[in-house]
Number of protein chains: 2
Amino acid sequence: MNIAIIGLGLIGGSLAKAFSEYTEHRVTGFDQNPAVVDSALRTGAIHQAGDPTALSQADVVYLCLYPEAAVSFVKQNASHFRPGGLVTDACGVKTFVCEQLTALSQLHGFVFAGSHPMAGKERSGFEASEASLFNGASYIIVPCEAPKLAVDTLKQLALEIGFGCIRVTTAAEHDRMIAFTSQVPHALACAYVMSPQCPGHKGFSAGSYRDVSRVARINEALWAELFLENREPLVEELTELIRHLDGIKNTIENNDRNALQALLRCGRQIKEALGE
Amino acid sequence: MNIAIIGLGLIGGSLAKAFSEYTEHRVTGFDQNPAVVDSALRTGAIHQAGDPTALSQADVVYLCLYPEAAVSFVKQNASHFRPGGLVTDACGVKTFVCEQLTALSQLHGFVFAGSHPMAGKERSGFEASEASLFNGASYIIVPCEAPKLAVDTLKQLALEIGFGCIRVTTAAEHDRMIAFTSQVPHALACAYVMSPQCPGHKGFSAGSYRDVSRVARINEALWAELFLENREPLVEELTELIRHLDGIKNTIENNDRNALQALLRCGRQIKEALGE
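Residues numbered from 1 in each chain as written. Chains lettered and ligands numbered in written order. Predicted model: local features only at pLDDT ≥ 70, side-chain atom pairs only at ≥ 80, totals over all residues. Heavy atoms only, no water.

A. The arrangement of the overall build of chain A in detail. A count of helical and extended segments in chain A gives 11 helices and nine strands. Overall, chain A is about 70 × 40 × 30 Å in size when its C-alpha atoms are taken along their principal axes. Every one of the 276 residues in chain A was classed for burial, and the buried ones make up 58%. Of the roughly 10700 Å² of accessible surface on chain A, 49% is carried by carbon and sulfur atoms. Of the side-chain charges in chain A, 23 are positive and 30 negative, and the distance between the mean point of each set is 6 Å. (Helix = DSSP H or I, 4+ residues; strand = E, 2+ residues; numbered from the N terminus. Buried < 20%, exposed > 50% of the residue type's maximum accessible area, 1.4 Å probe, protein only. Areas by Shrake-Rupley, 256 points an atom, 1.4 Å probe, with all protein chains shown as cover. Lys, Arg positive; Asp, Glu negative; His and termini not counted. Charge placed at Lys NZ, Arg CZ, Asp CG, Glu CD.)

B. Looking closely at the sheet that holds strand β3 (residues 48-49) of chain B. Residues and elements named next belong to chain B. Taken in spatial order, the six strands make up an open sheet running β3-β2-β1-β4-β5-β6, and their pairing is parallel. Because the sheet does not close on itself, it has two edges, and the strands there are β3 and β6 (111-112). Bridge analysis of strand β2 (residues 26-30) against β3 gives two bridges, and the strand direction is parallel. Pairing of Thr 28 across the sheet is with Gln 48, part of β3. Sheet strands in contact with helix α6 (residues 148-160) are β1 (2-6), β4 (60-63), β5 (86-89) and β6, and its direction is about 70 degrees off that of β4. (Pairing = 2+ DSSP bridges. Contact = heavy atoms within 4.5 Å. Axes fitted to C-alpha atoms, helices over the stretch in contact; angles between N-to-C directions.)

C. How the structure looks around the environment of A:Phe163. Residues and elements named next belong to chain A. Note that Phe 163 resides in the loop between α6 (148-160) and β9 (165-168). Using a relative accessible area of 4% as the deciding quantity, one classes Phe 163 as buried. C-alpha separation for the pair Phe 163 and Ala 137, spaced 26 residues apart in sequence, amounts to 5.0 Å. Setting aside its immediate chain neighbours within four residues, Phe 163 contacts Pro 117, Met 118, Phe 134, Gly 136, Ala 137, Ser 138, Tyr 139 and Ala 158.

D. Seen up close, the pairing of β1(B). All names here are of chain B. Most of β1 sits inside the fold, with four of its five residues counted as buried. Pairing of β1 with β2, which is carried by five bridges, proceeds in the parallel orientation. Its bridge partner lying in β2, Asn 2 is registered against Arg 26. In terms of handedness, the path from β1 via helix α1 (residues 10-22) over to β2 forms a crossover that is right-handed. Relative to β4, β1 runs parallel, the two sharing four bridges. Bridge pairing in β4 places Ala 4 opposite Val 61. (Right-handed = clockwise from strand over helix to strand, strands pointing away.)

E. Geometry of the packing of aromatic side chains. All names here are of chain B. If you walk through the whole model with that rule in mind, you get 18 aromatic pairs over all chains. Relative to Phe 227, the ring of Trp 223 has its centre 6.0 Å away and its plane inclined at 70 degrees; by these criteria the two rings are edge-to-face. Separated by four residues within a single helix, Trp 223 and Phe 227 lie in helix α9 (residues 220-228), roughly one turn from each other. Judged by its relative accessible area of 14%, Trp 223 is buried. (Phe/Tyr/Trp six-rings, centres within 6.5 Å; stacked < 30°, edge-to-face > 60°.)

F. Helix α11 (residues 257-273) of chain A, seen in detail. Residues and elements named next belong to chain A. The end-to-end C-alpha distance of α11, which contains 17 residues, comes to 24 Å, matching closely the 24 Å that a straight helix rising 1.5 Å per residue would cover. All of the buried residues in α11 are Leu 260, Gln 261, Leu 264, Gly 267, Arg 268 and Lys 271. Looking down the long axis of α11, one finds its buried residues gathered within 120 degrees of arc, a one-sided arrangement. The outward face of α11, more than 90 degrees from its buried face, is lined by the exposed residues Asn 258 and Ala 273. (Expected span 1.5 Å × (residues − 1). Arc of directions from axis to C-beta.)

G. Spotlight on the interface of chain B and chain A. Facing 87 residues of chain B, the contacting portion of chain A comprises 87 residues. Interface area lost by chain B to chain A is led by B:Phe180, B:Met194 and B:Phe204, which between them contribute 10%. Linking B:Glu220 and A:Arg268 is a salt bridge whose minimum nitrogen-to-oxygen distance equals 2.7 Å. For the interface between chain B and chain A, the tally reads 42 residue pairs in polar contact (both at pLDDT 80 or more). Those elements that place two or more of their residues in the side of chain B that touches chain A are β8 (138-142), β9 (165-168), α7 (171-193), α8 (207-213), α9, α10 (231-253) and α11 (257-273) of chain B. (Buried area = accessible area lost by both parts, 1.4 Å probe. Salt bridge = Lys/Arg side-chain N within 4 Å of Asp/Glu carboxyl O. Polar contact = N/O pair within 3.5 Å; in protein donor to acceptor, adjacent residues only side chain to side chain.)

H. Summary view of empty space enclosed by the protein. Here the structure, examined in full by the defined rule, presents three cavities of 30 Å³ or more. Listed by contribution, the elements that provide at least two residues to the lining of the largest cavity are α7 (171-193) of chain A together with α7 and α10 of chain B. Partitioned by chemical class, the residues of the lining of the largest cavity number five nonpolar, two polar and two charged. (1 Å grid on protein atoms, 1.4 Å probe; cavity = no way out; pocket = protein on both sides within 12 Å on 5 of 7 lines; lining within 4 Å. Points joined across faces, edges and corners; volume = space filled by probe spheres on them. Nonpolar A, V, L, I, M, F, W, Y, C, P; charged D, E, K, R; others polar.)

I. Structural view of the environment of A:Cys165. Take A:Cys165: it is sitting in strand β9. Along the backbone, A:Cys165 and A:Ala137 are 28 residues apart, and their C-alpha atoms lie at a distance of 6.4 Å. For A:Cys165, the contacting residues outside a window of four places in its chain are A:Ala137, A:Ser138, A:Tyr139 and B:Gly203.

J. Structural context of the relation of the copies chain B and chain A. For the match of chain B to chain A, the screw axis carries a shift of 0.0 Å, the RMSD comes to 0.0 Å, and the turn is 180 degrees. Taken together, the turn and the small shift mark the pair as related by a two-fold rotation axis. The share of interface residues of chain B whose copies in chain A are also at the interface is 100%, consistent with both copies meeting through the same surface. (Least-squares fit on C-alpha atoms with pLDDT ≥ 70 in both.)

K. Spotlight on the side chain of A:His116. All names here are of chain A. Within the secondary structure, His 116 is located in strand β7 (residues 114-118). His 116 sits in the buried class, given a relative accessible area of 9%. Polar side-chain contacts of His 116 include one of 2.7 Å to the side chain of His 174. The contact partners of His 116, leaving out residues within four places of it in the chain, are Ala 90, Cys 91, Gly 92, Lys 94, Ser 138, Tyr 139, Ile 140, His 174 and Ile 178.

Everything listed here is a matter of coordinates, which is why it stays silent on function.
Right under this line is the structure:
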């Protein structure tokens, strides 16, 4: 298949490298930065640099841009997409992206299904990308109006490049779950390191500090956009977390050992019930 | 040296194994559960089971019990301690323990300095203990009224069993830092998994979920005790965290991208300034 990857950052670069390394598909790479395209060509991550003709030959287009940029790219380039071709994205929010791209797909005669490769790291950009980024990771597909065949193609491609688990769901469920599993931990990491104790933590910290603070090394432009494109579910999850933290804090303030122990036990039991 | 270890759980068991495996010191082990003492003898973690005579021959006593239990043990057994002998603990809170044990040391003629080996895992008990638990970890010493010679002995012993870094501080500083680096993450993990989304996270989660929720598998009796013995600093840290989380939540509710981005940038910059 001809695969076009739009945006060769951490995710797009890793998809390109994975397709080139693990499959026989032909990979065309697009990036607004010509130096990145050169680097991708030189390292063999892509077979050719993208142009409108290459776009019209793509069987599958992966939009690996921030959500707003992904929508803009499609608005500007939809006339070049192959009629009936499959377009997907890699955005961390789905309702925002899927509503707009589904409407555009119907207008321009391509097929759209949303995707979210659940992988990342604390560095970004093409230099940080790697073919093995998705090994064993979860790939979430939001079919929107796409036919089963298109969803099957995305599943197949995901398995070819190493994803370990595929989840098909709705945009609303995706966004509610991701607010909890990914967005809250990122907000939390930033809030956590704002403590006046943080700069002096060395020698006093171990795994707990490291784990909670890890993702504070955040790409603030990307995450501010993702947070605001998922406002309602994220505010709900943050409210929930703050409520439970307040509950624990109150039992400590009140020196209420039984109530505190009951809350902590509840945490342990939830974790144990999940077999974790 | 003759080393007595009181309590052969995760920390005491690991200290015993590390001393037996990495040093020539003679290790005597005490535990209220005779089966644990048998197991420690059988696996070579200790050279002999403890009794009052062994206690009177110990050059260094490590109290590896919960804080209240550590104080009780000393109250009941101080008459058996070798006059001038060195006693330390392994508790996660220091003001609570040090005040009481310093007073008891002066009353009974032994030397007390507080310790906190910064290591742990999600399992507890002797079966979970291992000689390598402290490899590269931080060992915090709170000298209290102990002479320099005693502190030097504790440092030397810590280095012999693999600790990578030694920090000497006051009980107040220890407790303030530990509230941030260790106690908040444990409270947080429990509060986090209380979200209604948690039971359905599989397929939607990656490293961020795993890292924040890891320590929710908590020993609630131990941690409820530790939290309540460090109430003031912990309540202060929880208040701080909730305030910053609220701040982030408000910028999201208000759809204020600049303010949100500034808060996230602040998190990133703190982390980067630490070289992490």
